Amino acid sequence: MSEKIYALLLRLYPSHFRQAYGDSAMQLFRDRARDEKGFFPKLRLWLDMLADLVISLPREYGNAHSALIAAPVSQRLEGAPSFFVLESEAPRPGALLLGGVLSLTALAAFPVLLSELHPRTQNGSSASGQQLGRSQSSPQQAHQPKSQDPGKPADRAAAGNANLDDAERQRVVDAAVADLKQYYVDREEAQKMADALLAHRKRGEDDAAANGQALAGLLTKQMREVSHDMHLELAYIPDAMLASRYDALGRPLEPTPDDREHFRSAMEQNNCTFEKIEMLPHDIGYLKLNSFPDLSICRPKAEATMASLNHVNAILFDLRDNRGGQPEMVSFVAGYLFDHPEYWYNPRENTTQKSWTQSPVKGSKLADKPVYVLTSARTASGAEQFCYNLKMLKRATLVGETTSGSAHSGVWHRIDEHFGMGIPEVKPVNPYAKSDWEGTGVEPDVKVKAEDALKTAEDLALRKLQKK
Amino acid sequence: MPKRKLDPLPSAAFQILLALAGEDLHGYAIMRQVAQQTDGRMRLGPGTLYSSIQSLLEEKFIEELDARVDTKASPDRRRYYRLTSAGRKIARSEAERLADLLRVARTRKILRGDYV
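Residues numbered from 1 in each chain as written. Chains lettered and ligands numbered in written order. Predicted model: local features only at pLDDT ≥ 70, side-chain atom pairs only at ≥ 80, totals over all residues. Heavy atoms only, no water.

**Examining the overall build of chain A**
Looking only at helices and strands, chain A has 15 helices and nine strands in total. For chain A, the residues scored as buried account for 41% of the 468 residues in total. Sequence separation of 24 or more characterises 73% of the internal contacts of chain A that already satisfy a separation of 6 or more. Carbon and sulfur atoms form 58% of the exposed surface of chain A, whose accessible area is close to 25,700 Å². (Helix = DSSP H or I, 4+ residues; strand = E, 2+ residues; numbered from the N terminus. Buried < 20%, exposed > 50% of the residue type's maximum accessible area, 1.4 Å probe, protein only. Contact = heavy atoms within 4.5 Å. Areas by Shrake-Rupley, 256 points an atom, 1.4 Å probe, with all protein chains shown as cover.)

Listed below in structure tokens is the structure:
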């Protein structure tokens, strides 16, 4: 709580100061708050902080100012040309009036131009002989995309949608059929679905889909009617640029060497998303992990982190801002928490030798230490896998909110720059129940608001340690 | 030439230089060291501390060491600072200035004492 208040107070400082020293200042406050317990020390701490604010704030703003003022002076001294951008005179009334009139004209012209341009593109494409479904009058067509996907940005989506012609529909259906037969986990079902898709196509039912979104929805429905597989889907991504780099679920496609290098350096700068490692009172270890990064890049960091937490009495994993990552890293971190290999359920893979944790990890003393995992509604995907397995194995107490519910078991197959398919290629064995966390999330053992999770977990850990 | 921020040297900056005279320290350790050497009279808050550190870095009186992990207290990455030779020089001249002041105070009988 007090940390949050101080974080708010820190915002009063100018941004250049916050960028350079915000974290350090926060750390110092945390250090003092940790060391100065009790009513009077706390009171003194806050008085210090307020006095500090009063003294240093004007100075910081003064510094920024003096730097601004000093800059042109020093430039002139060095003989370089300088420009005076800060006018001391007020602008003339005539200039203000002219500026106002110009801005208003520009603002007024913008919507007029837009409404002029928009119908023209719609009519233009239909006039060029492309068949847009059955005999509909063109004003209706112009409005159709809008009414079908209201929340979408109208420009790009509409442009992409309006271009959907019969050849395109045929191409998408053919690709879907081929992908299903090649990749779908159950060959027999795949054949049935492919037949159904072709039958619907033959009967002309797909012609009703005038745009990409509608076609994707329709084909998904046709496949699911046969297989009842909710992980199978055909998706349309309006933004072509985005579709070429990411799949429908936001996962990046196979990276290029350049991407990998970029990713590696970003990870190194980011401390591999090991956001915070702290020792709380009573030797309770705290690890805030914001993703499960690529094991091939971040293994040394993960090993060093876990080693630095090896002597704790209890360990808190803060996954409240963790949106997932690589299953290999999930199982790697979990390996430290067991003294023998445990089956580690992964909804995206067949059961193999890799499905067991690599426990015991040599030298790890964490196998018998209490584990708490902090969750929030943002905790997703790989982070949920961590939560789900530890909960099912009764190895951790989950504290916080129900997680987001994304298991994503389909593998993405790109059809073109807009269309793609998520196809389940494997049938994982879930030893616990039929359903995992897809769509429902992982329920915490102790349900509290995400912002209270740390405090609650720390209390729980302390109580447990005191009982020993 | 614009006026230098640390001329005259503010007392917070002077105390930080003194704290770093012994060993390289991180922010919180500097704060504790300053509190110790002033018998608890000066407890630098984060704002004062880091704005002073910023000015000292700009004047090259101290330098920042590569971040390192302090495994003893907590495994966080902290920024450590070290006194430069210019910093040592300015701290010495400030101390001499104070010593002169002290001598004057003694001759005017404001302060008692045998030596500086």
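**A few points about the overall build of chain B**
Per the secondary structure count, chain B includes four helices and five strands. Taken from the N to the C terminus, the helices and strands of chain B come in the order α-β-α-α-β-β-β-β-α. Across chain B, contacts joining residues at least 24 apart in sequence account for 48% of those joining residues at least 6 apart. When the accessible area of chain B is evaluated, it comes to approximately 7,100 Å², of which 50% is carbon and sulfur surface.

**Brief notes about the confidence of the model for chain A**
Residues and elements named next belong to chain A. Residues at a pLDDT of 70 or more form 78% of chain A, whose mean pLDDT is 79. Looking at the elements of chain A, mean pLDDT is at its lowest for helix α5 (residues 138-148), recorded as 38, and at its highest for strand β5 (residues 371-375), recorded as 96. Considering only residues more than four positions removed or in separate chains, one finds that residues 67-88, a stretch of pLDDT under 50, has seven contacts. Under a pLDDT of 50 for its full length, residues 120-160 has, in the predicted model, 42 contacts with residues more than four places off or in other chains. (pLDDT = per-residue confidence, 0-100.)

**Focus: the interface of chain A and chain B**
Across the boundary between the two partners, chain A contributes 28 residues, which contact 28 residues of chain B. At the boundary of chain A with chain B, total buried surface from both sides reaches about 2,500 Å², with 53% on carbon and sulfur atoms. Its largest share of buried area at the contact with chain B, chain A owes to Y21, L28 and R59 of chain A, together 23% of the area lost on that side. Where chain A touches chain B, the interface holds two salt bridges. For D48 of chain A, the salt bridge identified is with R43 of chain B, shortest N-O distance 2.4 Å. Broken down by secondary-structure element, the contributors of at least two residues to the side of chain A that touches chain B are α2 (15-35), α3 (39-77) and β2 (274-280) of chain A. Split by residue class, the side of chain A that touches chain B holds 12 nonpolar, seven polar and nine charged. (Buried area = accessible area lost by both parts, 1.4 Å probe. Salt bridge = Lys/Arg side-chain N within 4 Å of Asp/Glu carboxyl O. Nonpolar A, V, L, I, M, F, W, Y, C, P; charged D, E, K, R; others polar.)

**Structural notes on the nonpolar core**
Ranked by size, the top nonpolar core spans 42 residues in total, and within it F292, F317, L319, V373 and F386 of chain A carry the most contacts. Y13 and A25 of chain A together with Y50 and A91 of chain B belong to the second largest nonpolar core, which has 41 residues in total. (Core = buried A, V, L, I, M, F, W, Y, C linked by side-chain atoms within 4.5 Å.)

**Side note on the side chain of S52 of chain B**
Among the structural elements, S52 of chain B can be located in helix α3 (residues 46-58). Looking at S52 of chain B, the relative accessible area reads 4%, which means it is buried.

**Examining the environment of L83 of chain B**
All names here are of chain B. By the element assignment, L83 lies in strand β5 (residues 80-83). For L83, a relative accessible area of 10% gives the class buried. Residues L83 and E63, 20 residues apart in the sequence, show an inter-C-alpha distance of 6.5 Å. Those residues in contact with L83 that lie beyond four places of it in its chain are L17, L20, A21, F61, I62 and R88.

**Considering the pattern of salt bridges**
Per the counting criterion, the structure on display carries 29 salt bridges over all chains. A salt bridge links D166 of chain A to R169 of chain A, with the nearest nitrogen and oxygen atoms 3.6 Å apart. Of this pair, D166 of chain A and R169 of chain A both sit in helix α7 (residues 166-183), three residues apart, roughly one helical turn. Judged by relative accessible area, which is 31%, D166 of chain A ranks as partly exposed. Ionic pairing is found between K447 of chain A and E443 of chain A, a salt bridge with its closest N-O pair at 3.5 Å. When its relative accessible area of 56% is taken as the criterion, K447 of chain A is described as exposed. Since its relative accessible area comes to 40%, E443 of chain A is described here as partly exposed. Residues joined by salt bridges that share partners form a network here, namely R32, E36, R44 and D48 of chain A together with R43 of chain B.

**Comments concerning the packing of aromatic side chains**
A complete count under the given rule lists 16 aromatic pairs over all chains for this structure. Measuring from ring centre to ring centre gives 5.2 Å for F39 of chain A and F40 of chain A, while their planes differ by 75°; the resulting arrangement is edge-to-face. On the accessibility criterion, F40 of chain A (61% relative accessible area) is exposed. Three or more aromatic residues joined by ring pairs form one cluster here, namely Y13, F17 and Y21 of chain A together with Y50 of chain B. (Phe/Tyr/Trp six-rings, centres within 6.5 Å; stacked < 30°, edge-to-face > 60°.)

**Description of a positive patch on the surface**
A cluster of basic residues, R463, K464, K467 and K468 of chain A, forms a positive patch on the protein surface. As for its placement among the helices and strands, K468 of chain A is situated in the segment after α15 (453-467). (Patch = residues over 30% accessible without salt bridge, like charges linked within 9 Å, V, L, I, M, F, W, Y side chains within 5 Å. Lys, Arg positive; Asp, Glu negative; His and termini not counted. Charge placed at Lys NZ, Arg CZ, Asp CG, Glu CD.)

**Some points on the state of the cysteines**
Residues and elements named next belong to chain A. Applying the stated criterion across every chain yields a total of one disulfide over all chains. Each disulfide pairs two cysteine sulfurs, and for C272 the partner residue is C298, the sulfurs being separated by 2.0 Å. A torsion of -85° about the S-S bond marks the disulfide between C272 and C298 as left-handed. Residue C272 is located in the loop between α11 (257-269) and β2, and its partner C298 is located in helix α12 (residues 295-308); the two are separated by 26 residues in the primary sequence. (Disulfide = S-S within 2.5 Å.)

**Quick word on the environment of R264 of chain A**
All names here are of chain A. Structurally, R264 is set in helix α11. Classification of R264 as partly exposed rests on a relative accessible area of 31%. C-alpha of R264 to C-alpha of D294: the two residues are 30 residues apart in sequence and 9.0 Å apart in space.

**A short note on the sheet that holds β2 of chain A**
Residue and element names in this part refer to chain A. The mixed open sheet is built from six strands, whose spatial order is β2-β3-β4-β5-β6-β9. With one partner strand each, in any of the chains shown, β2 and β9 (446-447) form the two edges of the open sheet. Summarising the sheet, strand β6 (residues 397-400) and β9 pair through two bridges and their orientation is parallel. Residue pairing for β9: V399 is matched across the bridge by V446. Along the sheet, α15 makes contact with β2, β3 (284-289), β4 (314-318), β5, β6 and β9, crossing β5 at roughly 170°. (Pairing = 2+ DSSP bridges. Axes fitted to C-alpha atoms, helices over the stretch in contact; angles between N-to-C directions.)

**Quick notes on the pairing of β6 of chain A**
Residues and elements named next belong to chain A. Sheet topology note: the β5/β6 ladder contains four bridges and is parallel. Bridging across to β6, V373 finds its partner in L398. For the handedness criterion, the β-α-β arrangement of β5, helix α14 (residues 382-392) and β6 is classed as right-handed. (Right-handed = clockwise from strand over helix to strand, strands pointing away.)

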